[in-house]
Amino acid sequence: MDSRLVGQPRPRAEDQRLVRGQGRYTDDMNLPGQAYGAFVRATHAHAVIRGIDIEAASQAPGVIAVLRGQDYLDDGLRGMDHIPNPADAVAFKERAFPDSLTGSVFNQRHLPLVVDRVRHVGEPIVLVVARSAREARDACEMVLIDYDPLPAVVDAVQAMDEGAPQLWDGAARNLCFQARVGDEAAVREAFARAHRVVRREFRNSRIVNCQMEPRSALGSFDAGSGEYLLISGSQGVTRQQMCIADALGIPPAKLRVVSPDVGGGFGPRSCVNPDQLAVLWAARRVGQPVKWTSDRNEAFLSDYQGRDQVIRAAIAFDEEGRILGIDNEIIGNVGAHTVSYVPLANGSRIMTTVYHVPAATALLSAVLTNTPPTGPYRGAGRPEATHVMERMLDVAADEMGMDRIELRRRNLIQPSQMPYRSPMGLTYDSGGFAANMERALLVSQWSEAPARKREAQSRGKLLGTGLANYVESPVGAPRERIEITIGADGRVDFVVGTQSTGQGHETSFVQVLADELGVPFEAVTMRTGDSLFVKVGGGSHSDRSMRLVGHLLLQAGEQLRAAALTAAASMWGIDAQGLRYAGGRVRDEAGQREAGLGEIAAHIERAGMPGHPEEHRFFAAAEFNGRIAAHPTGTAVCELEIDPETGDVEIVRYTSIDDVGRPINPLIVEGQVHGGLAQGIGQAFLEDYHVDPESGQIFSGSYMDYGVARAGAIPRRFDVELTEDRTHGNALGVKGGGESGITPATAAIFNALADALRDITHEELPMPATPAAIWSALQRAQEARS
């Protein structure tokens, strides 16, 4: 491949359109004659519905229909099957959790409207359809619901207790499943001969998916053809089509799904939401399109959320500080519905991260609670695992009186051990783990931190440094397809099943294909986000897009170059052996004949493809169904200062060394690191989703109550470097760069916090570590000393 474009830090082509307000998001879309929907949502976290009075709402001005869950069931429809149990990381035809210690893996279909019992605040109960959005919302106020409140449980640990409120029949102690993974016997033996065992419990906080674009859905139904249309932003149309068609009991071909521009996904928008199904059903009921757009308060109550895990960690060490074994218990709060078990699968597979661990095991519990459902959120298990591993190493170094960097050096997987098989079944084929750490230490001027700490102390500040090594295990949907067509005008059109939610696919994919065909960047157009032409695709998540699409672009490009030679030979009536392809043109060796791709496409349109005269398109397709493993890796270093008088924290410098394999566009990769860090800072310090433990009421239901990182939270000094240790798993050598910023972020930050507070307290700070939480920890330490 001629690498004119691959590897270049090219500004994103789509940004000119998006920053000028020319993007087309779901709420920008309208259909003739459309009505508007609004939802009546549950005000209780757990309650039986004794009655729903819709009489007044039905008579309200502009109201077209007031729909309940029983109406949906009476139409012979069923709930969505999210298929929460993900495919195995290696054997993609198998589920990650084939067995459960509870006897079975629980999976409950998810209805678009509650019928008789609500299980979290914000759950949709009634859909009002009216001539305008305001009339629909006004009528919602007139719906009267008779609740019989039940005890609620919002904490996953408490939900497993005998006697805790039960959410679903068939899930005793609210357990969806409980599984033991790894080699428990080997870990027991390792712990029995350990010189020291370090234990600690961590709570990884719940995160609201604060994407810039609120969710929206516009549905329509054609009674003549029986076909549905759903316009709704997501992370991939194919999953939406399959899941919703199944619920409606129709063939997927009867449902067209369009995902226009999408303002952020981060994982939860991979899954199908009940409101998407509801507007489609409502459109069929009322005989006209129905549109719904969430407001921010509604989003805090009903969008799928992320994280929310409790991890009880234990590591056994020998006398030299080498790890003998790891025994973790991971408890995941899945919320009120079984949307996804992906974070538990990912987190347990990668929990030994970049370190040589002879034996490991984990007890996994997926637990239902009276909270909004959770799903994969940027990193989906990897940040949680990295946080625990890196905090545990700092805690262990403290307990053993060792230097925390030296402890890591003794345990890092070395290049000589590659390919390395982890005790949890992953195989790393590349990754300079030790080199990345040493580079991060150098760039961050780690050795000079003691002097900076003394200088900060002279100003009354507590300075701390923290380091976190990481490796990822991206998996994601195993199936992807691309189709490429070259027109007589020489333009290249390609269709792909992924969906950009801000990743810059219109730039990075085109860089690869333009190089592969030797055509200008401007000659290539990418199309995605419409099941009318996207036949197969897994969407964008889990660092999968460039890994799979790049692989397919090379395959299809090779097909097209070969077809160009054959077609040119046919056009000139000569043997293809004497022809060469370069720079988007075919030439004979004598230099007497030359044709561009447009001329060849025109010939194929007239005469057909040689050997396939019925095919009049200059076309290639490539499809993949399987796994292309890759393990992005790197190191982050955080340096921060705490004001002990207020608990306020400022990150003064941050270093990120990331190996994403071959960076197709370094500018985009660095942007991904920046965005990931911003989300990591948000979780570490600001994002506090507070649910009342008794009532299940949500106390942080708006941006007035829930903080996200703003520009001022980003470090003044932020050094990003890309190292390049290509994977052998795909021809492009790419590993993935979408999650490298966030994966080590909270680990590096909390290690820095602990370092700053080392001489005062060893208390594990809660997440988020707000100024109040830090100040309170300082006060407790002071009171303990006095």
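Up top is the structure.
Caption draft 1: Region of the structure containing the overall build of the protein. From N to C terminus, the protein includes 20 helices and 28 strands. A compact globule built from 786 residues should have a C-alpha radius of gyration of about 28 Å, and the protein, at 28 Å, falls within 12% of that. Taken along its principal axes, the extent of the C-alpha atoms in the protein is 95 × 75 × 50 Å. For the protein, buried positions account for 61% of its 786 residues. Total accessible area on the protein stands at roughly 29200 Å², and carbon and sulfur atoms take up 49% of it. Each charge sign in the protein was given a centre, from 79 positive and 100 negative side chains, and these centres are 2 Å apart.

Caption draft 2: Spotlight on the sheet that holds strand 2 (residues 47-53). Taken in spatial order, the three strands make up an open sheet running 4-2-6, and their pairing is antiparallel. Looking at which strands have only one partner, the edges of the open sheet turn out to be strand 4 (117-118) and strand 6 (144-149). Bridge analysis of strand 2 against strand 4 gives two bridges, and the strand direction is antiparallel. By the bridge assignment for strand 4, Ala47 is matched with Val118.

Caption draft 3: Broad picture of the nonpolar core. Within the largest apolar cluster, 73 residues are counted, with the highest numbers of intra-cluster contacts made by Phe97, Phe177, Phe317, Ile323 and Tyr428. Looking at this core element by element, the count peaks at nine residues for helix 11 (residues 382-400). Ignoring anything within four residues of it in the chain, the contact list for Ile323 reads Ile315, Ala316, Phe317, Tyr355, His356, Val357, Pro358, Met389, Leu393 and Asn411. Val549, Leu554, Tyr581 and Met609 belong to the second-largest nonpolar core, a separate cluster that totals 50 residues.

Caption draft 4: Spotlight on the packing of aromatic side chains. This structure, assessed with the given rule, holds eleven aromatic pairs. Relative to Phe433, the ring of Tyr428 has its centre 5.9 Å away and its plane inclined at 85°; by these criteria the two rings are edge-to-face. Judged by relative accessible area, which is 0%, Tyr428 ranks as buried. Looking at Phe433, the relative accessible area reads 3%, which means it is buried.

Caption draft 5: Region of interest: the packing of helix 7 (residues 237-248) against helix 8 (residues 274-286). Viewed as axis vectors pointing N to C, helix 7 and helix 8 meet at an angle of 55°, and their least axial separation amounts to 11 Å. Put simply, helix 7 runs oblique to helix 8. For the pair helix 7 and helix 8, the sense of crossing is right-handed. Across the interface between the two elements, Gln240, Ile244, Ala247 and Leu248 from helix 7 touch Gln276, Leu277 and Leu280 from helix 8.

Caption draft 6: Representation of the side chain of Ser422. Note that Ser422 resides in the loop between strand 16 (420-421) and strand 17 (427-428). On the basis of relative accessible area, Ser422 is assigned to the buried category, the value being 4%. Ignoring anything within four residues of it in the chain, the contact list for Ser422 reads Arg349, Thr352 and Tyr428.

Caption draft 7: Inspection of the pattern of salt bridges at higher detail. A full pass over the atoms with the stated rule returns 67 salt bridges. Between Arg137 and Glu298 there is a salt bridge, with its nearest N and O atoms 4.0 Å apart. One end of the pair, Arg137, is in helix 4 (residues 133-140); the other, Glu298, is in helix 9 (residues 296-302), with 161 residues separating them in the sequence. Classification of Glu298 by relative accessible area gives buried; the value is 8%. With a closest N to O distance of 2.5 Å, Glu516 and Arg561 form a salt bridge. Here Glu516 is found in helix 15 (residues 505-517), whereas its partner Arg561 is found in helix 16 (residues 545-572), with 45 residues between them in sequence. Residue Glu516 is classed as buried on the basis of its relative accessible area of 7%. Exposure remark for Arg561: the relative accessible area of 24% places this residue in the partly exposed category. Through salt bridges with shared partners, one network takes in Glu390, Asp394, Asp398, Arg404, Arg408, Lys453, Asp755 and Arg758.

Caption draft 8: Region of interest: the sheet that holds strand 18 (residues 462-471). Spatial ordering of the open sheet is given by 18-26-27-28, a layout of four strands whose pairing is mixed. Lying at the two open borders of the sheet, with one neighbouring strand each, are strand 18 and strand 28 (717-723). Across the sheet, the mean angle separating the axes of adjacent strands is 10° when strand polarity is ignored.

Caption draft 9: Representation of the side chain of Thr369 in the model. Examined against the element boundaries, Thr369 turns out to sit in the loop between strand 15 (360-368) and helix 11. Looking at Thr369, its side chain comes within polar contact range of the side chain of Asn333, at 2.6 Å. Setting aside anything within four residues of it in sequence, one finds Thr369 in contact with Arg119, Val153, Val154, Asp155, Ala156, Ala159, Leu167, Arg206, Asn333, Gly335 and Ala336.

Caption draft 10: Quick look at the environment of Ser776. With respect to the secondary-structure elements, Ser776 resides in helix 20 (residues 771-785). It is 27 Å that separates the C-alpha atoms of Ser776 and Ala314, two residues lying 462 residues apart in sequence.

The rules we used
Sequence order as written defines the numbering, with residues in each chain counted from 1. In keeping with the model being predicted, local features are shown solely for residues with a pLDDT of at least 70 and side-chain atom pairs are shown and tallied solely at 80 or more, while totals for entire chains, interfaces and linings include all residues. Side-chain measures here rest on the full set of heavy atoms in the structure, leaving out hydrogens and waters. Per the convention used, a helix needs a DSSP run of H or I reaching at least four residues, while a strand needs a run of E reaching at least two, with both numbered from the N terminus. All radius of gyration figures rest on C-alpha atoms, and the globule criterion is 2.2 Å times the number of residues raised to 0.38. Only protein chains enter the accessibility calculation, which uses a 1.4 Å probe; a residue is then buried when its area is under 20% of its type maximum, exposed when over 50%, and partly exposed in between. The Shrake-Rupley method, run with a 1.4 Å probe sphere, supplies the accessible areas, and residue values consider only the shown protein chains as cover. Counted as positive: Lys and Arg. Counted as negative: Asp and Glu. His and the chain ends are not counted at all. Charge positions come from single atoms, namely NZ of Lys, CZ of Arg, CG of Asp or CD of Glu. A pair of strands is labelled paired if DSSP reports no fewer than 2 bridges between them. By nonpolar core we mean a set of buried residues, namely Ala, Val, Leu, Ile, Met, Phe, Trp, Tyr and Cys, connected to one another through side-chain atoms within 4.5 Å. By definition, residues are in contact when any of their heavy atoms lie within 4.5 Å. Only centres within 6.5 Å qualify two rings of Phe, Tyr or Trp (six-membered ring in Trp) as a pair; their planes then separate them into stacked at under 30 degrees, edge-to-face at over 60, and tilted for everything else. Lines are fitted to the C-alpha atoms to define the axes, a helix being fitted only along its stretch in contact, and any angle between axes, read from their N-to-C directions, falls within 0 to 180 degrees. Between 65 and 115 degrees an angle is taken as roughly perpendicular, under 35 as roughly parallel, over 145 as roughly antiparallel, and anywhere else as oblique. Note: crossing handedness is left-handed where the near helix turns anticlockwise from the far helix by less than a right angle, and right-handed where it turns clockwise. For salt bridges, the criterion is a side-chain nitrogen of Lys or Arg within 4 Å of an Asp or Glu carboxyl oxygen. Here a polar contact is recorded for every N or O atom pair within 3.5 Å, except that within protein the pair must consist of a potential hydrogen donor and a potential acceptor, and residues adjacent in sequence are included only if both atoms are side-chain atoms.

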